[in-house]
Amino acid sequence: MVKSGLKPRDITFTYVLSACSRGGLVGEGLELFESMKRDYGIEPRLEHYGCIVDLLSRAGKLAEAEKFVLEMPVKPNAPISGALLGACRIHRNAEIAERVGNILIPLIPEHSGYYVLLSNIYARTNRWENVESMRQMMKEKGVKKPPGCSLIEVDGKVHNFTMGDESHPEIDMIERTWEEILQNIRLAGYTGNTSDALFDIDEEQKESALHRHSENKGSNGNSTIEKLASKDCHTATKLISKVFERELIVRPKPVPSI
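Next up on the list: the overall build of the protein chain. Tallying secondary structure elements over the protein chain gives 12 helices and 4 strands in all. Taken across its 258 residues, the protein chain has 41% of its residues classed as buried. Put simply, of all contacts in the protein chain between residues at least 6 apart along the chain, 61% involve residues at least 24 apart. Of the roughly 14800 Å² of accessible surface on the protein chain, a fraction of 53% belongs to carbon and sulfur atoms.

On average, the protein chain scores 81 in pLDDT, and the residues at 70 or more come to 81%. For the protein chain, the element scoring lowest by mean pLDDT is strand β3 (residues 224-227), at 39; helix α4 (residues 62-70) scores highest, at 95. With pLDDT under 50 throughout, residues 199-215 is counted as low confidence; its partners more than four residues away or in other chains account for 41 contacts. Predicted confidence for residues 217-229 stays below pLDDT 50, and this span has 62 contacts to residues more than four positions away or in other chains.

A complete count under the given rule lists 11 salt bridges for this structure. Across the salt bridge formed by Arg99 and Glu66, the nearest N and O atoms sit 2.7 Å from each other. Placement of Arg99 in helix α6 (residues 94-107) and of Glu66 in helix α4 is noted, with a sequence separation of 33 residues between them. A relative accessible area of 11% means that Glu66 is categorised as buried. By relative accessible area, which is 36% here, Arg99 ends up partly exposed.

Moving on, we come to the packing of α4 against helix α5 (residues 78-90). Packed helices, taken two at a time, are described by the angle their axes make and the gap between the axes. Remark: α4 packs on α5, axes separated minimally by 11 Å, with the N-to-C direction vectors making an angle of 165 degrees. Compared by their axis directions, α4 and α5 come out roughly antiparallel. Between α4 and α5 lies a crossing whose hand is left-handed. For the pair α4 and α5, contact is made by Leu62, Ala65, Glu66 and Val69 and by Ile80, Leu84, Ala87 and Cys88, respectively.

One polar contact links Glu66 to Arg99, side chain to side chain, over a distance of 2.7 Å. The residues touching Glu66, leaving out its near neighbours within four places in the chain, are Leu84, Ile96 and Arg99.

Attention shifts here to helix α7 (residues 112-124). The terminal C-alpha atoms of α7, which comprises 13 residues, lie 18 Å apart, in line with the 18 Å expected from a rise of 1.5 Å per residue. Among the residues of α7, those classed as buried are Ser112, Tyr114, Tyr115, Val116, Leu117, Leu118, Ser119, Asn120, Ile121, Tyr122, Ala123 and Arg124. Elements in contact with the buried residues of α7: α5, α6 and α8 (128-141). One or two positions beyond α7, positive phi appears at Asn126, with a value near 60 degrees.

This part covers helix α1 (residues 10-23). Spanning 14 residues, α1 covers 20 Å between terminal C-alpha atoms, matching the ideal 20 Å at 1.5 Å per step. Listing the buried residues of α1 in full gives Thr12, Phe13, Thr14, Leu17, Cys20 and Ser21. On its buried face, α1 sits against α2 (26-40) and α3 (46-58). Positive phi shows up at Gly24, right after α1, with a value of about 70 degrees.

Reading the values: rules and limits
Residues numbered from 1 in each chain as written. Predicted model: local features only at pLDDT ≥ 70, side-chain atom pairs only at ≥ 80, totals over all residues. Heavy atoms only, no water. Helix = DSSP H or I, 4+ residues; strand = E, 2+ residues; numbered from the N terminus. Buried < 20%, exposed > 50% of the residue type's maximum accessible area, 1.4 Å probe, protein only. Contact = heavy atoms within 4.5 Å. Areas by Shrake-Rupley, 256 points an atom, 1.4 Å probe, with all protein chains shown as cover. pLDDT = per-residue confidence, 0-100. Salt bridge = Lys/Arg side-chain N within 4 Å of Asp/Glu carboxyl O. Axes fitted to C-alpha atoms, helices over the stretch in contact; angles between N-to-C directions. Parallel < 35°, antiparallel > 145°, perpendicular 65-115°, else oblique. Left-handed = near helix turned anticlockwise from the far one by under 90°. Polar contact = N/O pair within 3.5 Å; in protein donor to acceptor, adjacent residues only side chain to side chain. Expected span 1.5 Å × (residues − 1).

Okay, here's the thing in structure tokens:
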């Protein structure tokens, strides 16, 4: 673009920095960010700073990402801090997650997702006392996590599955079919990701609870699914599609963008 004589705009840098983030091009992304003001006189906006936080976080450079957030000349918004918190979950860094959470939760105290995400991070590092503290904090603030749900369309009819809800008229058949599906995908390598279970219980109990996740039940069929998928749901859905040779079109729910 530059070689052809066109001058990049701020939106150009947003797209290019996002591409660098997804491609793991940390050095190139940082250089492009620095060149915005230096070479083109473009003042970075919040979304550009967000791209750099995402870039460093995806690469596992959490300390650098945290330092970058703290030194930003503009106040970071919730999605930027949330991106760093999400990366802490992936890379199991409870220390940085705790610091980010202490900033993020007061910013949007009614947002249940950040409490749950921090609880997941504590759980993955076996810090069960902290998990219980987060639960207590949610209770004191009156914050409730909406039950997980998914919508599945089969032959033009939409079915709604909600965590813990067994009111579907064909629930018994669905439960039996789900057990058969589990047996088949286990043979294909499915084990169940229990790392995000928020209870200090043994692995067998966690796996049993995970397998009865109502959102997963929405994966039974030749269908279009709309859901906010956990890592385990994503893995299970891919294996179901492969083992049963069914096309499953998964549409995630919209999440806040940076």
